[in-house]
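Each chain, letter by letter, is given below.
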Amino acid sequence: MCIFCFCEIILIVRKMKTERSVIFQLMGSLLKTTAFRAAVSLILCIVTVTGGLYIYNEKDNSEYEMTLSSFGSRGEEVRRIQKKLKELGFYTGSVDGIYGAGTKNAVTAFQRSCGIKADGIAGPTTLLYLGISSSSGYSSSDVWLLAKLIAAEARGENYRGQVAVGAVVLNRVSHASFPDSISGVIYQKGAFDCVRDSNWNVSPGDTAKKAAAEALNGWDPTGGAIYYYNPKTASNGWIRTRPVLTQIGNHIFCA
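Analysis parameters
Residues numbered from 1 in each chain as written. Predicted model: local features only at pLDDT ≥ 70, side-chain atom pairs only at ≥ 80, totals over all residues. Heavy atoms only, no water. Axes fitted to C-alpha atoms, helices over the stretch in contact; angles between N-to-C directions. Helix = DSSP H or I, 4+ residues; strand = E, 2+ residues; numbered from the N terminus. Parallel < 35°, antiparallel > 145°, perpendicular 65-115°, else oblique. Left-handed = near helix turned anticlockwise from the far one by under 90°. Contact = heavy atoms within 4.5 Å. Pairing = 2+ DSSP bridges. Phe/Tyr/Trp six-rings, centres within 6.5 Å; stacked < 30°, edge-to-face > 60°. Buried < 20%, exposed > 50% of the residue type's maximum accessible area, 1.4 Å probe, protein only. Lys NZ or Arg CZ within 6 Å of the ring centre and 35° of its normal. Expected span 1.5 Å × (residues − 1). Arc of directions from axis to C-beta.

In this section: the packing of helix α7 (residues 140-154) against helix α8 (residues 159-174). Where α7 meets α8, the closest approach of the two axes is 9 Å, and the angle between their N-to-C directions is 125°. It follows from the interaxial angle that α7 and α8 lie oblique. Crossing of α7 over α8 shows right-handed handedness. Contact with α7, carried on its side by Leu146, Leu149, Ile150, Glu153 and Ala154, involves Gly161, Gln162, Val165, Gly166, Val169 and Leu170 of α8 and no other residues of that element.

Strand order in the open sheet made by the three strands is β1-β3-β2, with antiparallel pairing throughout. Here the strands that pair on one side only, and so sit at the sheet edges, are β1 (227-229) and β2 (244-248). Along the sheet, successive strands turn relative to each other by an average axial angle of 25°, direction set aside. Here β1 pairs with strand β3 (residues 251-254) via three bridges, running antiparallel. In the strand pairing of β3, Tyr227 is matched with Cys254. The sheet strands contacting α8 are β1, β2 and β3, and the helix crosses β3 at an angle near 30°.

Once that is clear, we can look at the packing of aromatic side chains. Evaluation of the coordinates by the stated rule reveals seven aromatic pairs. Ring centres of Tyr159 and Trp219 lie 6.3 Å apart, and the angle between their planes is 45°; this geometry places the pair in the tilted category. Placement of Tyr159 in helix α8 and of Trp219 in the loop between α10 (206-216) and β1 is noted, with a sequence separation of 60 residues between them. Note on Tyr159: relative accessible area 25%, which makes it partly exposed. Look at Trp219 and you get buried, because its relative accessible area is 13%. Ring geometry for Tyr227 and Trp238: centres 5.2 Å apart, planes at 85°, overall edge-to-face. Taken together, the residues Tyr227 in strand β1 and Trp238 in the loop between β1 and β2 connect sequence positions 11 residues apart. Note on Tyr227: relative accessible area 16%, which makes it buried. Connected via pairs of aromatic rings, a cluster forms that spans Phe178, Tyr227 and Trp238. Looking at Lys148, its charged tip hangs above the ring of Trp200, at a distance of 5.1 Å from the centre.

In this section: helix α4 (residues 76-87). Spanning 12 residues, α4 covers 17 Å between terminal C-alpha atoms, matching the ideal 16 Å at 1.5 Å per step. Buried within α4 are the following residues: Glu77, Val78, Ile81, Gln82 and Leu85. Along the axis of α4, the buried residues cluster in a sector spanning 135°; they form a single face. Looking one or two residues past α4, Gly89 carries a phi angle of roughly 85°, positive in sign.

Interpretation in functional terms is not warranted from these geometric data alone.
Right, dumping it as structure tokens:
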């Protein structure tokens with residue numbers, strides 16, 4: 001017996017002005033039937049799965065979006081994609097780590113050949129078909145925290161300068177003199193003044209999120225810097241003694 005049958009029975013009983021006790025007796029009888037219990041179980045399963053998918057999309061969709069490689073991306077992951085596509089005969093350009101039109105077209109052609117969504121974006125599914133694991137290995141919380149630091153420290157910088165700030169954090173993670181996690185580096189005492197001022201209340205925008213993804217994918221415009229400073233505002237004399245690697249926007253990046 002289905003839910004709709006149950007509802008119809010109740011309406012009929014009410015129309016016949018039957019005593020409430022009859023309704024309760026019918027409900028009790030229905031609850032004992034296998035078909036009714038199966039229908040209720042099915043509805044609960046649908047609600048649970050739908051709710052689970054909603055939670056997944058809310059919690060994990062950011063990670064999906066922020067760790068993929070797409071047009072304009074740079075870094076080691078892009079090189080790996082280009083190399084694999086070249087081996088498979090889909091890509092004829094240079095393996096330069098720059099996700100340009102040629103790479104996008106090659107990814108699209110590969111996706112069509114596999115029967116998956118052909119959007120030219122090398123997301124998790126495409127990487128899986130290529131046999132490439134995501135290069136970052138970081139959680140969505142790590143990506144969000146890195147984007148938050150970029151927004152607080154470099155939102156007035158050009159895009160390359162924002163990626164550079166993210167790269168410095170990651171270079172520190174890999175360096176023996178610093179904590180070995182993104183959160184450890186960012187919250188290390190005295191490392192970044194922004195975590196203690198009003199800038200830290202700024203939510204990262206799309207540009208900061210993309211810059212974080214670029215840095216995590218291996219693009220390092222600084223050439224390995226572990227420090228940076230603004231020469232117009234820096235009052236620490238020690239930082240000015242560090243070997244300069246490059247200047248991007250208002251920041252000087254040092255070894």
